[in-house]
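Each chain, written out:
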Amino acid sequence: MVYTQKSTLHEVLQSPLGRDMLNTLLLQTGLPAALVQNPLVGAVPLSALKTLSGGKVDEAFLTSFTALLNRDGGILPRPAPGVRPARAWWKEAVVYQVYPRSFADASGDGVGDLAGILAKVPYLADLGVDVLWLSPIYDSPGDDCGYDIRDYQKIDAPFGTLRDFDALLAGVHAHGMKLIMDLVVNHTSDEHAWYREACRGRGDPRHDYYIWADGTPDAPPNNWQSLFGGSAWNWVPSCGQWALHLFSKKQMDLNWECPALRAEVYAMMRWWLARGVDGFRMDVINFISKDGLADGSPLLADVAGMCGVEHYFYGPHLHEYLREMRREALDPYDTFTVGETPALGLEAARLLTAESRRELDTVFNFDHLDNPGKNRYTPYAYDLHELKKYLLRWQCGLGADCWQSLFFDNHDNRRMPGKITSDPALQPAAAKLLAAVQMTLRGTPFVYQGDELGLGNARFDTPDELRDVEAINRYQALTAQGKTSAAAMAVAGYGTRDHARTPMPWNGGKNAGFTAGTPWLQLTEGWQRTNAAAEQADPASVWHFYRAAIALRHAHPALVYGEFQPVFTRSRAFADVFCYFRTLDGERFYVECNLTAKQVRRPAPLCGRLSPVLCSYGAPAAALRPYEANVYRVG
Ligand code: ISL
């Protein structure tokens, strides 16, 4: 089918990407998903949206939208229900994300380092972790806490040296664990040698490694906005051109259309793989292919908060580059790859990760991290019913030829237990519910450092407490608009990514055992009682529950590969619970979760005898208590 502005919304829903884009628009606007299923709405041609939206949907939007619908994505048939996923080590693994700056400091300079991580490998092994993902440790000016890389093959001095890295890798492997690196190749730091050479002038061999646009210093080439605020363009006088930066002004986008650039990226990947790393988490990897430099749609800018995103979130060469990367760098090794793919949905995830596509193993989708129509800068009580809807859609809809990443936290977002409930007394129960769900669904669990302690969020009251460039930019933009500092901090201090980056609390001693020096960022609130040592000493702690949940998953392939069978999903009487079976080769488990802060009636599943094997309140009771989660063996 070729899509035009005459295509109806019903026809758009026949396209995988069409389904994703409509779903994302509905999520961002908070409109009901059922809207597009309505036959009357479905009969509307795209062209009519211009009048129906009062002009918000304009010609530019529809041109981009139909181009995306017609883009090579292909129709990828799903395996029949009941088909088993192929086995793989990374499907059976539990991954632990380390944010090195805040994990453990051995040198005493107040910043975490590789020697500090090495000292904690036994702690991670004891927890049951199989794979470490290190957020960037490369040489960097630190404008975006290391996601602005100055040298891909040098360790940032505060973290140590390549020698320290090799010692860490050897220690991880000696414990039977694996290690994946954070691959940030959508952009480099403006201090990277490639960029410095590129700025010498248009004739420089590496000029084409970056994305340039001719123009005059008074007018950027288009209206694209950086995700960190402001124009996405830097004026470079030495070239008389504009250079693109989708993130901070010091993170310059690489031009993946340049074969020499791609070859250098693949060579760098092979260098790390030859050193022994076991794979990569790939930063905003879906942004690497840009579709020209046309202006972005003001509607999308308003809805998605990313002006120009339609021109780079799923570019025309994305699949081609990922297949080439696989051939040129990854295939000779037994690797695990996870692509971070903001703004892409379930159908695109299938096109990027189905085994037959030979691109990525899995992706991070973020649709569940905030409720529909919400974002991390606006305070609201996270509704777990929305998480249930999300998990049902992905667990039932992804297909056995793909594999989901299961995570609730990362270094970019406020921590989930603190989103779910502001009651400190209930946060441990919320954390245990998340652990029970994460360890009993089909996919690879990613535990973010501190999840295993049920860490909450912090307080950032003054601008000098902020370290996150995105939040600092937002604070400055708000005060520039005339907001008071307090009003600006109510937004920037609430949504700052620093909440997830406070130092890991190891014990109740000086600086929570994180450093002998002065911590680079404030300690996690409540560290005196919520820390690893205190929780390891308390059998009822979140830490022990995570450890038991991981051990249960490791002991039973049904919890990894088993069929996912949700129950009571149509029963209004049980709308407040999330219940499902996992079944494989005669082994069956039943999971029940209370999605609310109140006590609710427990449904009785039609199945054999239920033997509790993991209970967040220690043992089941007559009803389900606030955020209670139980796992039972059936029969
Ligand atoms: O917060 C987000 C996802 O929950 C996104 O807005 C996030 O900024 C986006 O997904 C890109 O994040 C990645 O690239 C950035 C870096 O600042 C983030 O830390 C990294 O996770 C630029 O490299």
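Residues numbered from 1 in each chain as written. Predicted model: local features only at pLDDT ≥ 70, side-chain atom pairs only at ≥ 80, totals over all residues. Heavy atoms only, no water.

Enquirer: Describe the overall build of the protein, listing the residues and the values that go with them.
Expert: Across its full length, the protein holds 22 helices and 20 strands. Against the globule reference of 26 Å for 635 residues, the protein gives a C-alpha radius of gyration of 24 Å, in line with a compact fold. Each of the three principal axes of the protein carries a C-alpha extent, and together these read 70 × 65 × 55 Å. Taking all contacts inside the protein whose residues are at least 6 apart in sequence as the whole, residues at least 24 apart take part in 70%. Surface exposure of the protein reaches about 23,300 Å², of which carbon and sulfur atoms provide 55%. One finds the centroid of the 62 positive side-chain charges in the protein at a distance of 6 Å from the centroid of its 71 negative side-chain charges. (Helix = DSSP H or I, 4+ residues; strand = E, 2+ residues; numbered from the N terminus. Rg over C-alpha atoms; globule rule 2.2 N^0.38 Å. Contact = heavy atoms within 4.5 Å. Areas by Shrake-Rupley, 256 points an atom, 1.4 Å probe, with all protein chains shown as cover. Lys, Arg positive; Asp, Glu negative; His and termini not counted. Charge placed at Lys NZ, Arg CZ, Asp CG, Glu CD.)

Enquirer: Talk me through the site of the ligand; I want residue IDs and the actual numbers.
Expert: In the vicinity of the ligand lie 18 residues, with D144, R376, D412, N413 and R497 positioned nearest. Take E340: an N or O atom from its side chain is 2.9 Å from an oxygen atom of the ligand. In the model, an oxygen atom of the ligand is placed 2.7 Å from a nitrogen or oxygen of the R376 side chain. Considered class by class, the residues forming the shell around the ligand number six nonpolar, four polar and eight charged. (Near = heavy atom within 4 Å. Polar contact = N/O pair within 3.5 Å; in protein donor to acceptor, adjacent residues only side chain to side chain. Nonpolar A, V, L, I, M, F, W, Y, C, P; charged D, E, K, R; others polar.)

Enquirer: Can you break down the environment of F61 residue by residue, with the values?
Expert: With respect to the helices and strands, F61 occurs in helix α5 (residues 59-69). When neighbours within four sequence positions are excluded, F61 is seen to be in contact with L25, S297, L299 and L300.

Enquirer: Any details on the side chain of E347? Residues and values, ideally.
Expert: On the secondary structure map, E347 appears in helix α14 (residues 346-353). Taking the relative accessible area as the measure of exposure, E347 reaches 9% and is therefore buried. Setting aside chain neighbours within four positions, we find E347 in contact with P16, R19, D20 and R78. (Buried < 20%, exposed > 50% of the residue type's maximum accessible area, 1.4 Å probe, protein only.)

Enquirer: Give a detailed account of the sheet that holds strand β20 (residues 629-634), specifying residues and quantitative values.
Expert: Across the sheet, which stays open at both edges, the five strands sit in the order β16-β17-β18-β20-β19 with antiparallel pairing between neighbours. The open sheet terminates on both sides in strands that have one partner only, identified here as β16 (563-567) and β19 (610-615). Across the sheet, the mean angle separating the axes of adjacent strands is 25° when strand polarity is ignored. Alignment of β19 against β20, held across five bridges, turns out to be antiparallel. By the bridge assignment for β20, S611 is matched with R633. Sitting on the sheet, helix α15 (residues 384-397) is in contact with β16 and β17 (577-584), with an inclination near 140° to β16. (Pairing = 2+ DSSP bridges. Axes fitted to C-alpha atoms, helices over the stretch in contact; angles between N-to-C directions.)

Enquirer: Can you tell me about the packing of aromatic side chains, naming the residues and giving the values?
Expert: Here the structure, examined in full by the defined rule, presents 35 aromatic pairs. In this structure an aromatic cluster arises from ring pairing among W89, W90, W133, F336, F364, F366, F407 and F446. The aromatic ring of W506 is capped on one face by K120, whose charged end is 4.0 Å from the ring centroid. (Phe/Tyr/Trp six-rings, centres within 6.5 Å; stacked < 30°, edge-to-face > 60°. Lys NZ or Arg CZ within 6 Å of the ring centre and 35° of its normal.)

Enquirer: An account of the sheet that holds strand β8 (residues 233-236) is requested, with residue identities and associated values reported.
Expert: Judged by pairing direction, the sheet is antiparallel, and its three strands sit side by side in the order β7-β9-β8 without closing on themselves. With partners counted over all chains shown, the strands left at the sheet margins are β7 (212-214) and β8, one partner each. Neighbour-to-neighbour, the strand axes of this sheet turn through a mean angle of 30°, independent of strand direction. Note: β8 against strand β9 (residues 241-244), four bridges, orientation antiparallel. Along β9, the bridge assignment pairs V236 with Q241.

Enquirer: How would you explain the pairing of strand β18 (residues 587-594) if you had to name every residue and give the values?
Expert: Most of β18 sits out of view: seven of its eight residues are buried. Linkage of β17 to β18, two consecutive antiparallel strands, is achieved through a turn of two residues, within which D585 is found at a positive phi near 50°.

Enquirer: Outline the pattern of salt bridges, supporting the account with residue identities and numerical values.
Expert: Using the criterion set out here, one finds 41 salt bridges in the structure. With its nearest N and O atoms 3.4 Å apart, the salt bridge here joins D331 to R326. For R326, a relative accessible area of 16% corresponds to the buried category. The residue R459 makes a salt bridge to D461 at a minimum N-O spacing of 2.8 Å. Residue classification places R459 among the partly exposed residues on the basis of a relative accessible area of 47%. Counted as one network, the salt bridges with shared partners bring together D144, R376, D412, D468, E470, R497 and R501. (Salt bridge = Lys/Arg side-chain N within 4 Å of Asp/Glu carboxyl O.)

Enquirer: Lay out helix α18 (residues 469-480) with the relevant residues and their values.
Expert: In this model α18 runs 16 Å from its N-terminal to its C-terminal C-alpha over 12 residues, within 8% of the 16 Å that 1.5 Å per residue would give. If you follow the buried residues of α18, they end up packed against α19 (485-495). Where α18 begins, the capping side chain belongs to D468, and its oxygen is found 2.9 Å from the backbone nitrogen of E470. Looking at the residues trailing α18, positive phi occurs at G482, about 105°. (Expected span 1.5 Å × (residues − 1).)

Enquirer: Go over the nonpolar core with me, naming the residues and quoting the values.
Expert: In terms of nonpolar packing, the biggest core is built from 198 residues, with Y96, F165, W256, M269 and F280 touching the most fellow members. By residue number, the principal contributor to this core is helix α17 (residues 427-438), which donates eight residues. In this structure, F574, V577, C579 and F581 belong to the second largest nonpolar core, which totals nine residues. (Core = buried A, V, L, I, M, F, W, Y, C linked by side-chain atoms within 4.5 Å.)

Enquirer: Could you give me a rundown of the packing of helix α11 (residues 259-275) against helix α13 (residues 318-330), with the residues and numbers involved?
Expert: Running from N to C, α11 and α13 cross one another at 45°; their axes reach a closest spacing of 9 Å. Put simply, α11 runs oblique to α13. The hand of the α11/α13 crossing is right-handed. Residues R262, Y266, M269, R270 and L273 of α11 form the contact with α13, whose own contacting residues are Y321, E324, M325, E328, A329 and L330. In terms of residue class, the contact of α11 with α13 is made up of seven nonpolar, no polar and four charged. (Parallel < 35°, antiparallel > 145°, perpendicular 65-115°, else oblique. Left-handed = near helix turned anticlockwise from the far one by under 90°.)

Enquirer: A description of the packing of helix α2 (residues 16-29) against α5 should follow, citing residues and the corresponding values.
Expert: Where α2 meets α5, the closest approach of the two axes is 9 Å, and the angle between their N-to-C directions is 135°. In this view, α2 runs oblique relative to α5, as classed from their interaxial angle. Our pair here, α2 against α5, has a crossing hand that is right-handed. Between α2 and α5, the residues in contact are L17, G18, M21, L22 and L25 and F61, F65, L68 and L69, respectively. In the contact of α2 with α5, the residues fall into eight nonpolar, one polar and no charged.

Enquirer: Which residues make up the environment of E324, and what are the values?
Expert: With respect to the helices and strands, the residue E324 is situated in helix α13. Along the sequence, E324 and K432 sit 108 residues apart, while their C-alpha atoms lie 41 Å from each other. Not counting the four nearest positions on each side in its chain, E324 is found in contact with R262 and Y266. Of the polar contacts made by the side chain of E324, one reaches the side chain of Y266; its length is 2.5 Å.

Enquirer: Describe in detail the environment of E563, supporting the description with residues and values.
Expert: On the secondary structure map, E563 appears in strand β16. Exposure remark for E563: the relative accessible area of 39% places this residue in the partly exposed category. As a C-alpha pair, E563 and R588 span 25 residues in sequence and 9.3 Å in three-dimensional space. Sequence-distant contacts of E563, defined by excluding residues within four places in its chain, comprise R442, F581, R582 and T583.

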